[in-house]
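An overview of the molecular structure
What follows is each chain in one-letter form.
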Amino acid sequence: MINQNKTSIFLVPEISLTPQMTKRLKDRFGELVAVWHSKITKKKKEEILEDIYHDKIKIVMGARSSLFLPLKNLGLIVVDEEHDDSYKANNRPRYNARDMAVFIGEKLNAKVVLGSATPSLTSYHRFPTIRLKQTYFETHKEYEFLPNSDFISEKVFEEIKSTLDKNEQAIVFLPTRANFKYLICKECGEGVKCPFCDVGMSLHRGFNALKCHYCNYTEKVPTYCPNCKHDALQVSRLGTAEVTKVLNEMFPEKNIVQFDKDTISTATKLKKILKDFNDQKIDILVGTQMLSKGHDYHGVKLVVVFDIDTILNMADFRSRWKAMSLLLQVSGRVGRKGNGKVLVQSSNSDFFQTYLNDFELFLKDELEFCKELYPPYKKLLKILISHKDKNKGIKLLTDIQNKLNSFDLSKVEIVGFGEAPISKIAGKYRFQVLLRSSSSKELLKISHSIKQPGIELDIDPVSFS
């Protein structure tokens, strides 16, 4: 594209991927590269825009907002890790940057490359696929499945110790932040819930507090159950902070770092931890989905995956795809060069082992499962109502029901109607309507008819909570 005097956009789903990719692009293309995302200062953004106007920038690398920069002669858009849900905006306008990239490519006659080791079902169904025949470096990884449990098994400790004894690095993945996901009463079985959200609060030992991961409400850890007043409270669902604490106690001479939203609060911290890990100053990185985001480190010889069954059992038609994709993405951090081992604690080893070496077979099976029911064969519209007054929320839900009755419901199916799976967040009661249709046009007609305050409309939703 540069040789043709055209410009390019290189999209990454999250800022966490920018340090490594920035280095690679700048090493190759130097001053022709600009980096654009939400953490860039206003002054720096003005400088980049000035350079774009004066044709000094040929490549913009960044998050989804990079698509809207005024580049001249756009010839190429690369969407790296195209499967990532971070490309979907959670606030209005609720566009998906991957789909927008394809749309812009069509309008401007620019090439679009979607890159992923675990492509989304929609992309695999819609576009021609080229699978690379080999990896950049010679690699080999071995998988071993262990019984699922709420603790770190002896086998996991042994494998971590063996890895550290050889001065090699390890990654430990969990889907849960904090020390434990829930605090539950043994007597009545109730979890300690946030007073403003219909969710259990997570235990953070460092602050001696329970914290809601939806509204950030924090309170001191109670000594008895708020529901039945019994004092038999127990923890459930291991989190990153607890695993980091336990591993620090087991291997005090090693550098073990927690890598999640609780610890990575600035772009500078992110950059430092990733550099330290790359320079092998960190022995074990313990983290959440952030670990799966395409980082490339050659010293990692062991990956431990906890609680992947939680993802598999989510109330989401994509739960199988999410679990399989996440396992492959996380395990892709090991043995980037040479040999590596992946330990997976799961009660569903048969499911995962069927597809470990053939993701394409998995995609074909999933497409069969989705026929006549879900995307990419059907379009979905989520209508979310949230209101501080529960009765007013119910009234809005009834109004929507009446409006839906005026449409041709032979073309649109009501899949779900009523309280949202999480019925309250930040003091607002939530109700949800999920519609399904073969026609985007029909869903758009409905969307335009019910626009009003307190109602959020989301076509092709990626979250159903």
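Residues numbered from 1 in each chain as written. Predicted model: local features only at pLDDT ≥ 70, side-chain atom pairs only at ≥ 80, totals over all residues. Heavy atoms only, no water.

**Remarks on the overall build of the chain**
A tally of helices and strands in the chain yields 13 helices and 20 strands. The C-alpha atoms of the chain give 24 Å as radius of gyration, which agrees with the globular expectation for 465 residues (23 Å, within 12%). Structurally, the chain occupies a C-alpha span of about 60 × 55 × 50 Å along its principal axes. Counting only residues that meet the buried cut, the chain has 49% of its 465 residues in that class. Counted over contacts in the chain with a minimum sequence separation of 6, partners at least 24 positions apart contribute 73%. In the chain, the 71 positive side-chain charges and the 57 negative ones have mean positions that sit 6 Å from each other. (Helix = DSSP H or I, 4+ residues; strand = E, 2+ residues; numbered from the N terminus. Rg over C-alpha atoms; globule rule 2.2 N^0.38 Å. Buried < 20%, exposed > 50% of the residue type's maximum accessible area, 1.4 Å probe, protein only. Contact = heavy atoms within 4.5 Å. Lys, Arg positive; Asp, Glu negative; His and termini not counted. Charge placed at Lys NZ, Arg CZ, Asp CG, Glu CD.)

**Here we look at the sheet that holds strand β1 (residues 7–11)**
The five strands lie next to each other as β2-β3-β1-β4-β5, forming an open sheet whose pairing is parallel. A strand with exactly one partner marks an edge of an open sheet, and here the two such strands are β2 (33–36) and β5 (111–115). Going from strand to strand, the sheet's axes swing by 15 degrees on average, the running direction of each strand aside. Where β2 meets strand β3 (residues 59–62), four bridges bridge the pair, whose relative direction is parallel. Residue Ala34 lies in a different strand from β3, and its bridge partner there is Val60. Across the face of the sheet, helix α3 (residues 97–108) comes into contact with β1, β4 (74–80) and β5 while running at roughly 160 degrees to β4. (Pairing = 2+ DSSP bridges. Axes fitted to C-alpha atoms, helices over the stretch in contact; angles between N-to-C directions.)

**Notes on the sheet that holds strand β18 (residues 412–425)**
Read across the sheet, four strands follow the order β18-β19-β17-β20 without closing on themselves; strand pairing throughout is antiparallel. The open sheet terminates on both sides in strands that have one partner only, identified here as β18 and β20 (455–459). Within the sheet, the average angular offset between the axes of one strand and its neighbour, ignoring direction, is 20 degrees. Of the pairings in the sheet, the one linking strand β17 (residues 379–387) to strand β19 (residues 428–437) comprises nine bridges and is antiparallel in character. Bridging across to β19, Leu384 finds its partner in Gln432. Running over the sheet, helix α13 (residues 440–449) touches β17, β18, β19 and β20 and is turned about 15 degrees from β17.

**Quick notes on unusual backbone geometry**
In terms of backbone geometry, most residues other than glycine have negative phi values and most peptide bonds are trans. Arg92 connects to Pro93 through a cis peptide bond whose omega is -5 degrees. Structurally, the position occupied by Pro93 is in the loop between β4 and α3. Between Pro375 and Pro376 the backbone carries a cis peptide bond, its omega angle lying at 10 degrees. Checked against the element boundaries, Pro376 lands in the loop between α11 (359–370) and β17. One non-glycine residue, Asn216, lies in the positive phi region at around 70 degrees. With respect to the helices and strands, Asn216 occurs in the loop between β10 (209–211) and β11 (218–220).

**A look at the nonpolar core**
The biggest cluster of nonpolar side chains holds 42 residues, and the ones touching the most others in it are Phe259, Leu285, Val303, Val305, Ile308, Met324 and Phe352. Among all residues touching Leu285, those that are not within four sequence positions of it are Ala170, Ile171, Val172, Val257, Phe259, Ile273, Phe277 and Leu291. Phe157, Cys197, Cys212 and Leu238 belong to the second largest nonpolar core, which has 32 residues in total. (Core = buried A, V, L, I, M, F, W, Y, C linked by side-chain atoms within 4.5 Å.)

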